[in-house]
Amino acid sequence: MKKSIALLLAAACLLPVPACAQPVEPDLTGYAAGPAEIPKEILGELDPDTLENLVEEPKYVALTFDDGPRADTTGRLLDGLLERGAAATFFVIGEQIPCNEELLRRMKAEGHQIGNHTYSHVRLLKADKDDVVEEVHKSETLLQEAVGEGSFWLRPPYGLIGGERAKLVHTPMIYWSVDPQDWKLLDKDKVVAAVLEAVEPGDIILLHDFYSTSVDAALEIIDKLQQEGYAFVTVEELFRIQGVTPQAGTLYARPDRVRGLS
């Protein structure tokens, strides 16, 4: 088995880089359910109670985005994050990387975390073990070519992976603790309401930068939660803030909550 995986890794390195293609909307059916600075213009509009909240210990959360990068929506999201001083984590699909490398370099330069969402968004729960290795490695190789060496934490598509297959993953794996099902609602107001109703400090919020409504929702969520004293950090920063050292092959819903594996 080890020999077959080694041969597969070597072959993957020789694969040609795919040509640029139009973004393909992923099949999402089956989904298991540094502190930000608040703009001065917003501070000037806040009431005394809200200002009092802001001097308390920040309430840290992590916004995460799956299925990109996509030139139009991801670019607009990065503009909004930069304007608001918010950090995020992007779990990108390998097939989406060609022709979007500049977006990835911008993510890294602006302090965001970049993660791996496999090469073609396959279900890893019962996939052949060689396929698991190939899907993770192909995406990781493209990420390294775009932004350099790094530890690209994995988010398994649909949040699902089996215990035996998890042993093949050499990075921490990230699930989520707040899922507004933005891919299904495609409604900014409903997505915002779902997140605001459920969010708590320490949460990892799942969104998709593939959809324009999700980008709109994300920016409004940031605006509203920053007024409540929340700060938006990367997943890696969230673990560090909470003093948790993530382990490779372990699936985390939050730094303080581990998901069981099948």
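In this text the structure is predicted, and so the values were computed from the model without any measurement.

Q: Would you mind showing me how to read the environment of Val-132 here?
A: Looking at the secondary structure, you find Val-132 in helix 6 (residues 129-147). The class for Val-132 is buried, based on a relative accessible area of 2%. Along the chain, Val-132 and Tyr-119 lie 13 residues apart, while their C-alpha atoms are 9.9 Å from each other. Setting aside residues no more than four positions away along its own chain, Val-132 makes contact with Leu-124, Ala-127, Arg-165 and Leu-168.

Q: Would you mind going over the sheet that holds strand 8 (residues 257-258) with me for this structure?
A: Backbone hydrogen bonds hold the strands of a sheet together, and the pairing may be parallel or antiparallel. Strand order across the open sheet formed by three strands is 4-7-8, with mixed pairing between neighbours. In this open sheet, the two strands that pair with only one neighbour each are strand 4 (173-174) and strand 8. The pairing of strand 4 with strand 7 (residues 251-254) spans two bridges and is classified as parallel. Bridging across to strand 7, Met-173 finds its partner in Leu-251.

Q: Is there a simple way to think about the packing of helix 4 (residues 71-84) against helix 10 (residues 212-227) in this case?
A: The geometry of a pair of packed helices is captured by two quantities: the angle between their axes and the separation between those axes. It is at 9 Å that the axes of helix 4 and helix 10 come closest, and there the two elements cross at 10°. What the angle tells us is that helix 4 and helix 10 run roughly parallel. Across from Thr-73, Arg-76, Leu-77, Gly-80, Leu-81 and Arg-84 in helix 4, the residues of helix 10 making contact are Ser-212, Val-215, Asp-216, Ala-218, Leu-219, Ile-222, Asp-223 and Gln-226. Along the lines of polarity and charge, the residues of the contact of helix 4 with helix 10 split into six nonpolar, four polar and four charged.

Q: In this structure, what is going on with the confidence of the model for the protein? I would like to understand it.
A: As a note on interpretation, predicted positions should not be read in detail where pLDDT is low. The share of residues in the protein with pLDDT of 70 or more is 81%, and the mean pLDDT across the chain is 88. Per-residue pLDDT stays below 50 along residues 34-40; that stretch engages in 21 contacts with residues further than four places along the chain or on separate chains.

Q: Explain empty space enclosed by the protein to me, please; I cannot follow it from the model alone.
A: Space left empty within the atom packing is revealed by a probe, the size of a water molecule, rolled over the atoms. The calculated volume of the largest cavity comes to roughly 40 Å³. Lining the largest cavity, in full, are Asn-116, Val-136, Glu-140, Phe-152, Leu-154, Val-169, His-170 and Thr-171. Grouping the constituent residues of the lining of the largest cavity by class yields four nonpolar, three polar and one charged.

Q: Help me understand the layout of surface pockets, please; the structure alone is not making it clear to me.
A: Considering only enclosed or pocket space, the second largest pocket measures out at about 260 Å³ in volume. Around the second largest pocket sit 15 residues that line it, and Lys-108, His-112, Gln-113, Ile-114 and Glu-236 are the ones nearest its centre. Listing elements by their share of the lining of the second largest pocket, those giving two or more residues are strand 3 (113-116) and helix 11 (235-241). No other element matches the three residues that helix 11 contributes to the lining of the second largest pocket. Along the lines of polarity and charge, the residues of the lining of the second largest pocket split into three nonpolar, seven polar and five charged.

Q: Just to check I follow, could you spell out unusual backbone geometry for this structure?
A: Leave glycine aside and you will find that most residues have negative phi; peptide bonds, for their part, are mostly trans. For the bond from Gly-68 to Pro-69, the omega torsion is 0°, close enough to zero to count as cis. Turning to its location among the elements, Pro-69 is positioned in the loop between strand 1 (59-66) and helix 4. Notably, Cys-99 is not glycine yet its phi reads approximately 80°, a positive angle. Notably, Tyr-158 is not glycine yet its phi reads approximately 65°, a positive angle. Tracing the backbone shows Tyr-158 in the loop between helix 6 and helix 7 (163-166).

Q: Looking at this structure, how should I read the packing of aromatic side chains?
A: Two aromatic rings, taken as a pair, are described by how far apart their centres are and by the angle between their planes. Counted under the stated rule, the structure contains five aromatic pairs. On the numbers, 5.5 Å between centres and 65° between planes, the contact of Phe-210 with Tyr-211 is edge-to-face. Each of the two residues, Phe-210 as well as Tyr-211, counts as buried. Relative to Tyr-252, the ring of Phe-239 lies with its centre 5.0 Å away and its plane at 85°, an arrangement referred to as edge-to-face. Placement of Phe-239 in helix 11 and of Tyr-252 in strand 7 is noted, with a sequence separation of 13 residues between them.

Conventions used here
- Residues numbered from 1 in each chain as written.
- Predicted model: local features only at pLDDT ≥ 70, side-chain atom pairs only at ≥ 80, totals over all residues.
- Heavy atoms only, no water.
- Helix = DSSP H or I, 4+ residues; strand = E, 2+ residues; numbered from the N terminus.
- Buried < 20%, exposed > 50% of the residue type's maximum accessible area, 1.4 Å probe, protein only.
- Contact = heavy atoms within 4.5 Å.
- Pairing = 2+ DSSP bridges.
- Axes fitted to C-alpha atoms, helices over the stretch in contact; angles between N-to-C directions.
- Parallel < 35°, antiparallel > 145°, perpendicular 65-115°, else oblique.
- Nonpolar A, V, L, I, M, F, W, Y, C, P; charged D, E, K, R; others polar.
- pLDDT = per-residue confidence, 0-100.
- 1 Å grid on protein atoms, 1.4 Å probe; cavity = no way out; pocket = protein on both sides within 12 Å on 5 of 7 lines; lining within 4 Å.
- Points joined across faces, edges and corners; volume = space filled by probe spheres on them.
- Phe/Tyr/Trp six-rings, centres within 6.5 Å; stacked < 30°, edge-to-face > 60°.

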